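Read off the chains here:
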Amino acid sequence: MAFAQPFPLAAAAQKIHQPAFGPDLAVRLICPECRDPNPNIVEEFGSGDLVCGSCGLVLGDRIVDTRSEWRTFANDEGDDPSRVGAASDPLLEGIEQLDTLISYRDGGTGIARELQRAASRSQSSRSERNLLTAFRDIGSWCDQFSLPKTISDIAKQLYKRSDEEKLLRGKPLEAVIAACIFIACRQAHVPRTFREICNLTHVSKKSLGQCYKALEQAFNLSPGATAQVNANGSNPSTGPENLLVRYCNHLDLPANVQSICGDIIVAARQHGVADGRSPVSIAGGAIYFTCHLLGKPKSSRDISVVAGVSEGTIKLVYRLYYLEREKLVKEEWIKEGRADLDRLPVER
């Protein structure tokens, strides 16, 4: 038996070429009403319709817009922003907000470094770069402190205004940013102490105080300007009552401890007890007093860690409250069995 090929099984199999997918160019879309061999088909991307430009017949609906996204859906007229990149920041008005990144891969010739240097010089000036750096630091620090975006925007606005008016020329950038965040917290009624801001930004208390005083005088940010002052003359944004919420949450105390502690602080202010003490010291001492009064004692060490004050300061405020305990504790608390003066320890 003879074969045409010596090894027929080794012959290469013939490949079957599958037809590639593509549009059929022999098919044309024409209007059934006009039947014009050269139809005027208009694509209305705003409504998603395919319309005949001659007679107005709708030939199709829900068409997909395959164009680039360089359009806006706003009703008012204005610039047509691209939907590429981050959202525009109104505080950076007049500053180019789009960055150009040049790859480092240049084959070792060093051209990429030269291009990056030229691009950084041409894109923005030194003042604009400093402003962008400050905004970036304010955003990152507010995120670390779990502060809302409102405070971040207020701090950015304060820094931009101080930078434009050259109010803190020569001061460290970190100190100016810390002062802006502190003022923004006061204006937004989210109290933060000097110690907390210093621990966050690693700025000395002296530098923070100098920048804060300068901004306070320049912007007329007196306690009456940043928040409404109550009848007793205390600022509610930095009062010890507002610090109780965070301190009690960190100490895992129930809600009734916070409410009673707030009433005790108000009563102490009315009777002039512990006047002149800082809000942090008053809040720590009041929590220590209230916890023992309600039979849910917390050690002074735990309160000291949360409040950021020494144990001696907490016990000093507690002794002042203990001497006036009959004026601070309401009789209804004792009658209801929630409070007991005998639970209060004698601190000497």
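Cut-offs and rules
Residues numbered from 1 in each chain as written. Predicted model: local features only at pLDDT ≥ 70, side-chain atom pairs only at ≥ 80, totals over all residues. Heavy atoms only, no water. Axes fitted to C-alpha atoms, helices over the stretch in contact; angles between N-to-C directions. Helix = DSSP H or I, 4+ residues; strand = E, 2+ residues; numbered from the N terminus. Parallel < 35°, antiparallel > 145°, perpendicular 65-115°, else oblique. Left-handed = near helix turned anticlockwise from the far one by under 90°. Contact = heavy atoms within 4.5 Å. Nonpolar A, V, L, I, M, F, W, Y, C, P; charged D, E, K, R; others polar. pLDDT = per-residue confidence, 0-100. Core = buried A, V, L, I, M, F, W, Y, C linked by side-chain atoms within 4.5 Å. Buried < 20%, exposed > 50% of the residue type's maximum accessible area, 1.4 Å probe, protein only. Salt bridge = Lys/Arg side-chain N within 4 Å of Asp/Glu carboxyl O. Arc of directions from axis to C-beta.

Here's the deal with the packing of helix α4 (residues 173–187) against helix α6 (residues 205–219)
One can describe the packing of α4 onto α6 by two numbers: an axis separation of 8 Å at closest approach and a directional angle of 60°. It follows that α4 is oblique to α6 by the angle criterion. The interaxial crossing formed by α4 with α6 has right-handed handedness. On the side of α4, the interface is formed by A175, V176, A178, A179, C180, F182, I183 and R186, while α6 contributes S207, L208, C211, Y212 and L215. Split into classes, the residues belonging to the contact of α4 with α6 amount to eleven nonpolar, one polar and one charged.

A short note on the confidence of the model for the protein
Summing up the model confidence of the protein, the mean pLDDT is 77 and the portion of residues at 70 or higher is 73%. Within the protein, the lowest mean pLDDT, 41, falls on helix α7 (residues 223–226), and the highest, 90, falls on helix α12 (residues 311–323). Considering only residues more than four positions removed or in separate chains, one finds that residues 223–236, a stretch of pLDDT under 50, has 21 contacts.

Points about the nonpolar core
One broad trend across soluble globular proteins is that nonpolar side chains are buried collectively. Within the largest apolar cluster, 38 residues are counted, with the highest numbers of intra-cluster contacts made by I264, I287, F289 and Y321. For this core, the secondary-structure elements that each account for two or more residues are α8 (240–250), α9 (255–270), α10 (279–293), α11 (300–307) and α12. Per element, the largest residue contribution to this core is nine residues, and it comes from α10. Beyond its immediate stretch of four places on either side in the chain, I264 contacts F289, T290, L293, Y321, L328 and W333. Counting residues in each nonpolar core, the second largest holds 34 residues, with F135, L147, L158 and A175 among its members.

Concerning the pattern of salt bridges
All chains considered together, the criterion is met by eight salt bridges. Measuring nitrogen to oxygen at the nearest pair gives 3.9 Å for the salt bridge that ties K213 to E216. Of this pair, K213 and E216 are both found in helix α6, three residues apart, which corresponds to roughly one turn of the helix. On the accessibility criterion, K213 (47% relative accessible area) is partly exposed.

Remarks on α11
For an α-helix, 3.6 residues make a turn, and residues three or four places apart therefore share a direction. All of the buried residues along α11 are S300, I303, S304 and A307. For α11, the angular spread of the buried residues around the axis is 105°, confining them to a single face. Pointing more than 90 degrees away from the buried face of α11 are the exposed residues R301 and V305. Positive backbone phi, at 80°, marks G308, one or two positions downstream of α11.

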